[in-house]
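# Structural description and commentary
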Amino acid sequence: MIKKKICMLGAFAVGKTSLVKRFVKGIFSDKYLSSVGVKIDKKKVIIEQQEVDLLLWDIHGEDEFQKVQRSYLRGSSGYFLVVDGARRATLNTAFTLQKRTEETIGKVPFVLIFNKWDLKDEWEIDDKTMDDLSKDGLMVVKTSAKSGQGVEEAFLTLTREILEA
Amino acid sequence: MNERMLADLFNHLETVVMERLDDGSFRLVGCVPNWFKRFYPEAVSRKEGLRLQDNSPFLENFCIDAESFWVGKGAGRLKSGTFIEMDPLGDEYAMEASALCSREKKILLIELLGTAYEDRKAVLQKARENVLFREYLEEEVCRRTAKIRLREEEIALRLVWATESRDKDTGAHIRRIGLYSEALAKALGWEPQQADDIRIAASMHDIGKIGIPDKILSKAGKLTSEEFEIMKKHTEIGAKILEGSDIPLLQMAKEIALGHHEKWDGSGYPRGLTGKAIPESARIVAIGDVYDALVHSRIYKPAKPEANALVTMTHGNGKHFDPKIFECFLRILPTFRIIRQEFHGTETMLYLERPQMTLFRRP
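Next up on the list: the side chain of His260 of chain B. Secondary-structure assignment places His260 of chain B in the loop between α11 (248–259) and α12 (280–295). Once residues within four sequence positions are removed from consideration, His260 of chain B is found in contact with His205, Asp206, His234, Thr235, Ala282, Val285, Ala286 and Asp289 of chain B.

Listed below in structure tokens is the structure:
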């Protein structure tokens, strides 16, 4: 059995925990519960007849109160940078974390997730910004942990990239 | 202290103490708190050491740092940070591991955070909700400010329209003057808000022409000196129309209307100001206005090739124009050319565009 560690990274309240819950347990809650510390979930996926055990490290959101420890990133095969489409500043946090992650563990596959697609009308990040990031070669997926849209796709896309890396 | 007291104490502390063995496993020291048995039921009966790493990816990762700490005989404690483990019943427990050295032994502590974790979580939750609310309020302020801004722009547009319906200048000319001025302001390091203001304010530079008689304003030939004296009044009329407002955009528009015919050497009108006594906004607009007038045709004159226009303007450097702004103008000339290309029309009168009310939007 192949085991792969994947980290969930991003600013606080972007929906990292909700994405993991949606993917692992298929559930969602509208209530925002701030994460403190690290929680690890497991999920088995099958990619081209190959079973892969994903260890999903849901790491607390980065802000002035909590920083992501570099040691949490060690051994990651890939990671998600999660952005709240309705809060532009969370995109900057994502890039800061991406830089720190690359400095710590080198280049590994990652997917940039624009979450909260169900609140599209309130988004501050426009399609052009996302298209430009895609054109720059980043893997970009729009998701809604609430409806489930794009969630499975995001996890499977990253797993595939990890296996091909 | 007897064994029972010790057990009570360990339970009370909610901390597991373990010694790291040479084979990489951990031997429990003292009593095992009940909560720990949920994760390692074999902990009490087991003779050999526990392999914590096999059950907890988090501890497996932390043990790498702990090993370095033990080998280096670090002082104090190395803390793992908070992590959450789930027992077989699905209940979550917040813990923190620490590595420490004691009498040559490698010690690992695992502490159940319990209420301390809940308290911290509640504080963070509140703090983050406050941040989210602040972000929401800021966003709301931005939204409403933008709305007010649009209204200001529309009022400005209608004022310009009122003038242009009598003048021979075109909507494209008005638009270009705004965009040239914005480009110059940005290149000079103005704040974005001010640069945005000048884009609109510059368009009102000739608003005072509304007070000039038609026979002078529409005259195809050269003005007599008397007529020219009347024509010069458009600067003061414009300033009069725009003065007294507390809207920064209109205050700037007033400066420009009054000062765009002033010259750096003091030979301009209406007040004959020199150098920096002329508002910078007016000095900026003067350059864009002259450039645009030279390179475009009017009913009373043909357009000059740009190279010729630049020669003419260079003669005015330090006399008509502020040398610093003129230098900046030469530096960003390619931007002026792009604006000219995008808004090259001369035939469309502004009033024809009125229903769209989008004249001042950026391209």
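Next up on the list: the pattern of salt bridges. Following the criterion strictly, the structure yields 37 salt bridges over all chains and no others. Ionic pairing is found between Glu62 of chain A and Arg100 of chain A, a salt bridge with its closest N-O pair at 2.5 Å. Placement of Glu62 of chain A in the loop between β3 (50–59) and β4 (78–84) and of Arg100 of chain A in helix α2 (residues 89–105) is noted, with a sequence separation of 38 residues between them. Just as Glu62 of chain A is buried, Arg100 of chain A falls in that class too. Between Arg337 of chain B and Glu306 of chain B there is a salt bridge, with its nearest N and O atoms 2.8 Å apart.

As a further point, take the nonpolar core. Residues and elements named next belong to chain B. Counting 52 residues, the largest nonpolar core has Phe36, Leu52 and Ile110 as the members making the most contacts within it. Among the elements that line this core, the one with the most residues is helix α4 (residues 57–71), at seven residues. With near-sequence residues (within four places) excluded, Phe36 lies in contact with Val16, Met18, Leu28, Ala43, Leu50, Leu52 and Ile110. If you look at the next biggest cluster of nonpolar residues, it comprises 43 residues, including Val160, Ala201, Leu250 and Ile256.

Another point: the sheet that holds strand β5 (residues 105–112) of chain B. Spatially, β6(A)-β5(A)-β4(A)-β1(A)-β3(A)-β2(A)-β3(B)-β4(B)-β5(B)-β1(B)-β2(B) is the arrangement adopted by the 11 strands of the open sheet, whose pairing is mixed. Each end of this open sheet is capped by a strand with a single partner; those strands are β6 (139–142) of chain A together with β2 (26–29) of chain B. The mean angle between the axes of side-by-side strands here comes to 30°, regardless of whether they run parallel or antiparallel. Bridge count for strand β2 (residues 38–47) of chain A against β3 of chain A is 10 bridges, and the pairing is antiparallel. Each bridged residue has a counterpart across the sheet, and for Val45 of chain A the counterpart in β3 of chain A is Val52 of chain A. Its contacts with the sheet put α2 of chain A on β1 (2–10), β4 and β5 (110–115) of chain A, and the angle it makes with β4 of chain A is roughly 165°. In the packing of helix α4 (residues 151–164) of chain A onto the sheet, the strands contacted are β1, β2, β3, β4, β5 and β6 of chain A, and the crossing angle to β1 of chain A comes to about 125°.

When the parts come together, some accessible area is lost, and that loss is often what is quoted as the size of the interface. The domain architecture assigned to chain B consists of domain 1 (3–112) and domain 2 (154–356). Distance from the C-alpha centre of domain 1 of chain B to the C-alpha centre of domain 2 of chain B: 76 Å.

This part covers the packing of aromatic side chains. Note on aromatic pairs: each is described by the distance of the centres and the angle between the planes. Residue and element names in this part refer to chain B. In the structure shown here, the tally under the stated rule is 21 aromatic pairs over all chains. When the centroid spacing of 4.3 Å and the interplanar angle of 15° are considered together, the rings of Phe58 and Phe83 count as stacked. Taken as a pair, Phe58 in helix α4 and Phe83 in strand β3 (residues 78–86) lie far apart in primary sequence, 25 residues in all. Comparing Phe58 with Phe83 shows no difference in burial state: the two are buried. Ring plane angle 80° and centroid distance 6.0 Å describe the contact between Phe228 and Tyr269, whose orientation is recorded as edge-to-face. Taken as a pair, Phe228 in helix α9 (residues 225–232) and Tyr269 in the loop between α11 and α12 lie far apart in primary sequence, 41 residues in all. Take Tyr269: its relative accessible area is 14%, and that puts it in the buried class.

Let us now look at the interface of chain B and chain A. Contact with chain B, which involves 24 residues of that partner, is made by 27 residues of chain A. Between chain B and chain A, a total of about 2,200 Å² is buried, with carbon and sulfur atoms accounting for 55% of that surface. Counting every contact that joins chain B to chain A gives four salt bridges. With a shortest N-O distance of 2.9 Å, Arg74 of chain A and Asp65 of chain B are connected by a salt bridge. Counting across the interface, chain B meets chain A through 14 residue pairs in polar contact (both at pLDDT 80 or more). Mapped by element, the contributors of at least two residues to the side of chain B that touches chain A are α4, β3 and α5 (114–164) of chain B. Per-element accounting of the side of chain B that touches chain A gives the leading share, 12 residues, to α5 of chain B.

Cut-offs used in this document
- Residues numbered from 1 in each chain as written.
- Chains lettered and ligands numbered in written order.
- Predicted model: local features only at pLDDT ≥ 70, side-chain atom pairs only at ≥ 80, totals over all residues.
- Heavy atoms only, no water.
- Helix = DSSP H or I, 4+ residues; strand = E, 2+ residues; numbered from the N terminus.
- Contact = heavy atoms within 4.5 Å.
- Salt bridge = Lys/Arg side-chain N within 4 Å of Asp/Glu carboxyl O.
- Buried < 20%, exposed > 50% of the residue type's maximum accessible area, 1.4 Å probe, protein only.
- Core = buried A, V, L, I, M, F, W, Y, C linked by side-chain atoms within 4.5 Å.
- Pairing = 2+ DSSP bridges.
- Axes fitted to C-alpha atoms, helices over the stretch in contact; angles between N-to-C directions.
- Domains from an automatic or database assignment.
- Phe/Tyr/Trp six-rings, centres within 6.5 Å; stacked < 30°, edge-to-face > 60°.
- Buried area = accessible area lost by both parts, 1.4 Å probe.
- Polar contact = N/O pair within 3.5 Å; in protein donor to acceptor, adjacent residues only side chain to side chain.

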